[in-house]
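Remarks on the overall topology
Next come the chains, spelled out residue by residue.
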Amino acid sequence: MAGVTAPAAAANLAGKSGVRVVVIGDIGTGKSSLIVALATEQFPENVPRVMPPTRLPADYFPDRVPITIIDTSSSPDQKPKLIAECQAADAVVLTYACDRPATLERLSSFWLPELRRLQLKAPVIVVGCKLDLREEQQVSLEQVMAPIMQSFREIETCIECSALRQIQVPEVFYYAQKAVLHPTAPLFDQEAQSLKPRCVRALKRIFIICDHDKDGALSDVELNEFQVKCFSAPLQPTEISGVKRVVQEKMPEGVNENGLTLTGFLFLHALFIEKGRLETTWTVLRKFGYDNDLKLRDDLIATPIKRAPDQTLEMTNEAVDFLRGIFNMFDTDNDGALLPAELEDLFSTAPENPWSSVKDCAEKNVLGGLSLEGFLSKWALMTLLDPANSFANLVYVGYPGEFGSAFTITRKRRVDRKKQQTQRNVFQCYVFGARGSGKTALLQSFIGRQPSDALPTNSERFATNTVELPDGARKTLILREIPEGDVRSLLAKKESLAPCDVAVFVYDSCDEYSWQRARDLLVQVATHGENTGYEVPCLIVAAKDDLDQSPQALQESTRVSQDMGIETPIPISVRLRDLNNIFCRIVHAAQQPHLSIPETEAGKTRRQYRQLLNRSLMVVSVGAAVTVVGIAAYRVYAARKNTSS
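Summarised in this report is the structure supplied together with it. Quantities reported herein were computed from a predicted structural model and do not represent experimental measurements.

Re empty space enclosed by the protein
- Summed over all chains, the structure comprises three cavities of 30 Å³ or more.
- There is about 90 Å³ of room inside the largest cavity.
- For the lining of the largest cavity, the element with the highest residue contribution is helix α17 (residues 413-419), accounting for three residues.
- Of the residues belonging to the lining of the largest cavity, the class tally is six nonpolar, one polar and six charged.
- Estimates place the volume of the second largest cavity at around 40 Å³.
- In terms of lining residues, the second largest cavity is bounded by V525, A526, G529, E535, V536, C538, I597 and P598.
- Of all the elements, helix α20 (residues 512-532) adds the most residues to the lining of the second largest cavity, at three residues.
- Of the residues that constitute the lining of the second largest cavity, the class distribution is six nonpolar, one polar and one charged.

Brief notes about helix α6 (residues 169-181)
- Helix length check: α6 (13 residues) gives 19 Å between terminal C-alpha atoms against 18 Å at 1.5 Å per residue, within 8%.
- Regarding α6, the residues found buried are V169, V172, F173, A176, Q177, K178, A179, V180 and L181.

Remarks on the layout of surface pockets
- For the largest pocket, the calculated volume is near 1400 Å³.
- For the largest pocket, the lining is made up of 49 residues, of which P123, R153, E154, E156 and A185 are closest to its centre.
- Secondary structure elements with two or more residues in the lining of the largest pocket: α1 (7-14), α4 (101-117), α5 (141-151), β6 (155-160), α6 and β7 (188-189).
- No other element matches the six residues that α5 contributes to the lining of the largest pocket.
- Residue classes in the lining of the largest pocket are distributed as 24 nonpolar, nine polar and 16 charged.
- Estimated volume of the second largest pocket: approximately 730 Å³.
- Around the second largest pocket, the lining is made up of 29 residues, and of these V395, Y396, V397, G398 and Y399 lie nearest the centre.
- Across the lining of the second largest pocket, the residue classes tally to 19 nonpolar, four polar and six charged.

Considering the packing of aromatic side chains
- For the structure shown, the criterion picks out 20 aromatic pairs.
- Consider the rings of W355 and F375, whose centres lie 5.7 Å apart with planes at 70°: the pair is edge-to-face. In this pair, W355 sits in the loop between α13 (340-346) and β14 (370-371) while F375 sits in helix α14 (residues 372-385), placing the two residues 20 residues apart along the sequence. Take W355 and F375: they sit in the same class, and that class is buried.
- In textbook terms, an aromatic cluster arises when at least three aromatic residues are bridged by ring pairs, as seen for F327, F347, W355, F375 and W379.
- When the ring centre of F288 is taken as origin, the NZ or CZ atom of K229, which lies over that ring, is 4.9 Å away.

Considerations on the sheet that holds strand β2 (residues 54-56)
- Strand order in the open sheet formed by six strands is β2-β3-β1-β4-β5-β6, and the pairing between neighbours is mixed. With one partner strand each, in any of the chains shown, β2 and β6 form the two edges of the open sheet. The sheet shows a mean angle of 25° between the axes of neighbouring strands, direction not considered.
- Bridge count between strand β5 (residues 124-129) and β6: five bridges; the pairing is parallel. Within the sheet, the bridge partner assigned to G128 lies in β6 and is E160.
- In the packing of helix α2 (residues 31-40) onto the sheet, contacts are made with β1 (19-25), β2, β3 (67-71), β4 (91-97) and β5, and the angle to β3 comes to roughly 150°.

Rules and cut-offs
Residues numbered from 1 in each chain as written. Predicted model: local features only at pLDDT ≥ 70, side-chain atom pairs only at ≥ 80, totals over all residues. Heavy atoms only, no water. 1 Å grid on protein atoms, 1.4 Å probe; cavity = no way out; pocket = protein on both sides within 12 Å on 5 of 7 lines; lining within 4 Å. Points joined across faces, edges and corners; volume = space filled by probe spheres on them. Helix = DSSP H or I, 4+ residues; strand = E, 2+ residues; numbered from the N terminus. Nonpolar A, V, L, I, M, F, W, Y, C, P; charged D, E, K, R; others polar. Expected span 1.5 Å × (residues − 1). Buried < 20%, exposed > 50% of the residue type's maximum accessible area, 1.4 Å probe, protein only. Phe/Tyr/Trp six-rings, centres within 6.5 Å; stacked < 30°, edge-to-face > 60°. Lys NZ or Arg CZ within 6 Å of the ring centre and 35° of its normal. Pairing = 2+ DSSP bridges. Axes fitted to C-alpha atoms, helices over the stretch in contact; angles between N-to-C directions. Contact = heavy atoms within 4.5 Å.

See below:
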């Protein structure tokens with residue numbers, strides 16, 4: 001924890017092969033003189049209006065990362081070039097002249113708003129040049145810059161310098177490089193003077209990983225192992241005692257009889273940052289695989305499995321068993337459900353709760369607790385939608401295995417149809433229907449809620465749960481509600497039905513228009529499947545069966561289902577909780593991927609044409625075979641005749 005680090009290693013961990021610093025500011029503020037003074041270590045007599053790019057060697061600063069400095073002109077005709085340079089910058093040095101208050105005022109009236117307008121992500125170093133010309137009675141840098149930094153949080157550091165007197169010239173670019181390699185913003189909230197939540201989460205995960213005996217504290221041995229891993233240098237016993245003594249004096253709960261607690265570990269890192277030693281915390285984070293967004297690097301959580309559009313990933317038994325163990329570990333009250341606070345604690349080592357956007361898609365108890373089945377169903381949904389994110393969060397919560405041990409790839413759906421069976425354990429069902437047809441009510445009933453519990457939305461909605469089949473097998477079903485207005489854009493994509501195992505078309509059985517819309521959607525989906533080869537089994541659901549039915553809709557829906565070769569509409573009433581075993585029937589349709597596939601009139605014509613063509617080819621083949629046999633027989637006859645002669 002002493003922060004002893006090999007400089008080259010720190011640079012490599014930052015993942016930067018070079019830092020590009022762009023210097024901007026008003027005319028005459030000393031931009032070019034600053035760059036020349038840095039490169040030559042003397043004040044230039046004659047300075048060009050704009051310096052060519054200046055490169056500092058890798059060994060100029062301890063981090064051993066080369067710096068390229070780009071000078072700019074602030075004249076109006078050079079504005080496009082200035083904008084392009086700023087957008088390509090890793091860091092921006094923004095100058096003003098200490099002897100010209102107007103250039104200081106221009107920072108907040110023009111330059112900083114302009115950088116915001118460009119949506120610049122690079123850190124900004126504000127530099128007061130010509131310090132030697134500043135009047136003695138002028139207020140201090142802190143007083144001048146405090147209100148500006150309060151309004152513009154993108155400012156990383158402020159510094160004054162003098163190119164003439166060689167005062168703090170190298171420091172300007174050292175701070176610029178440091179702002180890129182060891183940025184403050186992701187780690188520390190300057191206003192609150194505390195570690196940012198995502199930084200706390202990352203450090204908590206690192207602490208848990210290093211706490212090998214899981215006693216909630218880092219012993220002297222564990223602290224030393226941590227130090228060697230991060231900084232390649234052991235701590236002496238006196239150094240360990242010193243670290244713990246500093247923590248105990250400032251925060252007694254930071255140390256206990258077993259060693260340094262999580263509270264103490266976090267306090268130490270906040271202390272390092274407050275003292276300007278950000279490189280210490282960044283070295284630790286990067287050693288454990290974190291990038292500048294405090295997420296695990298992509299190369300650590302990449303999905304190496306290539307798959308066809310109609311293949312999905314499912315969690316292996318090993319991953320599911322791990323999640324069962326994690327569930328039980330965080331179910332502190334042993335009630336068989338994770339309350340919101342327990343779930344937040346479970347994900348407290350991830351950058352954020354990954355389920356914030358789909359928090360209402362699984363069944364909960366009256367206290368808002370998520371059952372084990374609901375917990376595993378949400379992991380199945382996350383794996384289906386974003387396997388890389390699913391694996392990353394497995395790692396964040398402590399999964400020790402590789403990607404290949406956590407997931408298995410399913411067989412192609414086209415192959416499943418040919419083999420007339422599937423081995424999948426997770427099925428995705430697209431739910432189509434007109435607005436007000438009962439789609440949302442169907443999804444809500446699947447997770448044990450009343451339709452009134454659903455918030456109005458025009459975006460897609462998910463519901464996921466486990467379905468127990470008559471033979472005792474349990475499958476995970478994911479219902480995805482497709483808003484009526486999204487159908488056109490969905491079907492515009494060739495592979496849009498590839499991830500779909502079964503489609504359900506819901507209509508209000510009292511409303512003839514609702515049926516007509518469901519019929520149109522069914523034909524559109526069936527046509528799309530026939531044209532792309534991604535046909536899906538389809539079911540029609542007649543919702544609101546407890547109300548007065550439309551005879552026309554009933555008669556027409558029965559006829560259409562028979563004409564298209566699928567099951568007749570399944571009547572349900574969510575209000576009366578008479579669901580007619582609908583979810584088992586959906587899973588059953590998905591398990592028989594060769595059945596319940598609707599056929600349009602165009603599809604029938606194509607099928608009949610193919611059958612006719614195949615019969616014609618068969619006749620031609622038989623005719624050709626007869627001809628070949630006839631020729632062979634004639635040759636045998638001719639040969640025998642010649643022999644007898």
